[in-house]
Amino acid sequence: MPHAAAQGSPLAPEWLTVPDDLNALHEPMWAGDAARNGDGELSIGGIPVSELQRQYGTPLFVMSENDFRARARAFSDAFNDAFADICGGVDVYYAGKSFLCTAVVRWVEEEGLRLDTASGGELAVAYRAGIPGADVALHGNNKSDGEIHRALDMGLGRIVVDSLDELVRVGAIAQGRGEQAKVMLRLTPGVHAHTHEFIATAHEDQKFGLSMAADTTDQAGISAAEEAVAAASAHPGIELLGLHCHIGSQIFEPDGFALAAEKLLRFLAAMQEKYSITLPELDLGGGYGIAYTPVDTPRPAAEIANAMAAVVRSTCAELGIDAPRISIEPGRAIVGSTTFTLYEVGTLKTVRVDVPGTSGDGDAGNNVTYPRRYVSVDGGMSDNARPVLYDADYSAVLASRTSGAAPQLSRVVGKHCESGDIVVRDVYLPEDVAAGDLLAVPGTGAYCWALSSNYNYLARPGVVAVRDGSSRLIVRGETEEDLLNRDMGA
């Protein structure tokens, strides 16, 4: 129930306000079938969280299969509609690095999407799931020879080449096998994405991609991207499909995607004119943002698609070229909000934090102390490394019941021996939260399980898929025996 007298804490960041109702679920952060049941308990697909804890334990990643499928279809439908008159539709590759297991690969295939992988291990998952190799792409800035051979063994639809050195290796391996590798060239268009430095990938000073900037130290003065186009188009072991770019992750505004599309189309047209080659495909990557907190405002898939389609349509008309077949790579935008992490509350403590105060005449006065409560849960940075890696913000709700208690500024922390082991840096939770309560942190479908670790020898949590009132493990949680089985002894 709402708590009308709630007042914010000076310790809270400016963007964080006290919710009108601490029990409400902010819709953009949650799967479509998440709700409070008649007892006030959080449920997903009709299953209360207490039942999930009883059956599978905590911590636990809880994923809505229906929501995953719906978001996959939404991207496919929106982009196919927007690009129908331009290039006949769009190939949507689910970015498996966000979260991958065999069940998810099958959902992806059943919903008509393709799969983007970034390692031999991810290729192994794709192979086990049975998706046709022609529907799989392989990324990576440092592919091993073994990964390249595996990609060719599986008949992959595309290998995204990241450098001139890698282009030579891929071509040589394919030629030695008497084959041609289907290749796309990843370019860095120099578009600044408004996101964290570690997940912005289209600027020059980073490891990914072929620069589109002219090399002024070289007599020919051409870019690495142009050199790669010329080399790939002439190599007997390479079938050059087209160009690829990816400007970053967790991006809300469509402008960067549109600008990258325009720059690559102009480059494509220049290569066509200079080398008399037609590159039939253009992959515009992914990176579409989701809501982790109530102030995040993700764009609907249709809005992103229409903005990008308008630029592709007008740029191709201006350049007088046929539009290439477009592909995109959403990952987080499909899986992120389908999942929440369920934790059990343990130790609680409240600290007093000094905030500079003012005296009555406006001069600096004595410090004023305010409370901040630490709520410890039975997981932490081993199941969600994003806060410590990227300063990522999350939210949380009391999941096992509703509460009419007053809001208290809280910090949800894990159980690891690190002061930086923070799951949710700032959130208002009811002041009566107690040991044994369940908390749910939404938006953990992407890059949480994928980045999980065994720090402090914690076993990684399982992943449960919920659909229409039933649940099943799609990734088994580890046991201590799993951890010890790799210890070879003295």
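As the structure is a computational prediction, the values presented were derived from the model and not from experiment.

1. So, the overall build of the chain
Secondary structure summary: the chain contains twelve helices and 21 strands in total. For a compact globule of 490 residues, the expected C-alpha radius of gyration is about 23 Å, and the chain comes in at 25 Å, within 12% of that figure. Counting the 490 residues in the chain, one finds 52% classified as buried. Residue pairs at least 24 apart in sequence account for 71% of intrachain contacts in the chain once pairs closer than 6 positions are excluded. Counting every atom, the chain has about 20600 Å² of accessible surface; 48% of that belongs to carbon and sulfur. The chain carries 38 positive and 66 negative side-chain charges, and their two centres are separated by 4 Å.

2. Observations regarding the state of the cysteines
For the coordinates displayed, the defined rule picks out zero disulfides. Between Cys448, a cysteine without a disulfide, and Cys101, which holds the nearest cysteine sulfur, the sulfur-to-sulfur distance is 15 Å.

3. Looking at the UniProt feature "domain: Orn/DAP/Arg decarboxylase 2 C-terminal" (unreviewed entry) in the chain
Within this structure's numbering, the places UniProt gives as "domain: Orn/DAP/Arg decarboxylase 2 C-terminal" (unreviewed entry) are residues 366-445. In the segment residues 366-445, helix accounts for 6% and strand for 41%; the C-alpha atoms at its two ends are 45 Å apart.

4. Notes on a nonpolar patch on the surface
On the surface, a nonpolar cluster with roughly 220 Å² of combined accessible area is contributed by Val388, Leu389 and Leu451. Here Leu451 is to be found in the loop between strand S19 (438-442) and strand S20 (463-467).

5. Some words on the nonpolar core
Counting residues in each nonpolar core, the largest one holds 112 residues, and the members touching the most others are Phe79, Phe83, Tyr94, Phe99, Leu185 and Leu243. Among the elements that line this core, the one with the most residues is helix H8 (residues 255-275), at ten residues. Apart from the residues within four sequence positions on either side, Phe79 is in contact with Val90, Tyr288, Ala301, Ile304, Ala305, Met308 and Ile328. Membership of the second largest hydrophobic core comes to 20 residues, among which are Trp30, Ala34, Val49 and Ala399.

6. Observations concerning the UniProt feature "binding site: substrate" (unreviewed entry) in the chain
Per the UniProt record, "binding site: substrate" (unreviewed entry) is found at Arg332, Arg386, Tyr390, Glu418 and Tyr447. Of the residues just listed, which span 116 residues, the most distant C-alpha pair is 27.2 Å apart, and they do not cluster in one region. Examined against the element boundaries, Tyr390 turns out to sit in helix H11 (residues 386-390). As for its position among the elements, Glu418 is in the loop between strand S17 (407-413) and strand S18 (422-430). What makes Glu418 partly exposed here is its relative accessible area of 39%. Setting aside residues no more than four positions away along its own chain, Glu418 makes contact with Met381 and Tyr455.

About the criteria used
Residues numbered from 1 in each chain as written. Predicted model: local features only at pLDDT ≥ 70, side-chain atom pairs only at ≥ 80, totals over all residues. Heavy atoms only, no water. Helix = DSSP H or I, 4+ residues; strand = E, 2+ residues; numbered from the N terminus. Rg over C-alpha atoms; globule rule 2.2 N^0.38 Å. Buried < 20%, exposed > 50% of the residue type's maximum accessible area, 1.4 Å probe, protein only. Contact = heavy atoms within 4.5 Å. Areas by Shrake-Rupley, 256 points an atom, 1.4 Å probe, with all protein chains shown as cover. Lys, Arg positive; Asp, Glu negative; His and termini not counted. Charge placed at Lys NZ, Arg CZ, Asp CG, Glu CD. Disulfide = S-S within 2.5 Å. UniProt positions renumbered as here; feature names shortened; annotations may be inferred. Patch = residues over 30% accessible without salt bridge, like charges linked within 9 Å, V, L, I, M, F, W, Y side chains within 5 Å. Salt bridge = Lys/Arg side-chain N within 4 Å of Asp/Glu carboxyl O. Core = buried A, V, L, I, M, F, W, Y, C linked by side-chain atoms within 4.5 Å.

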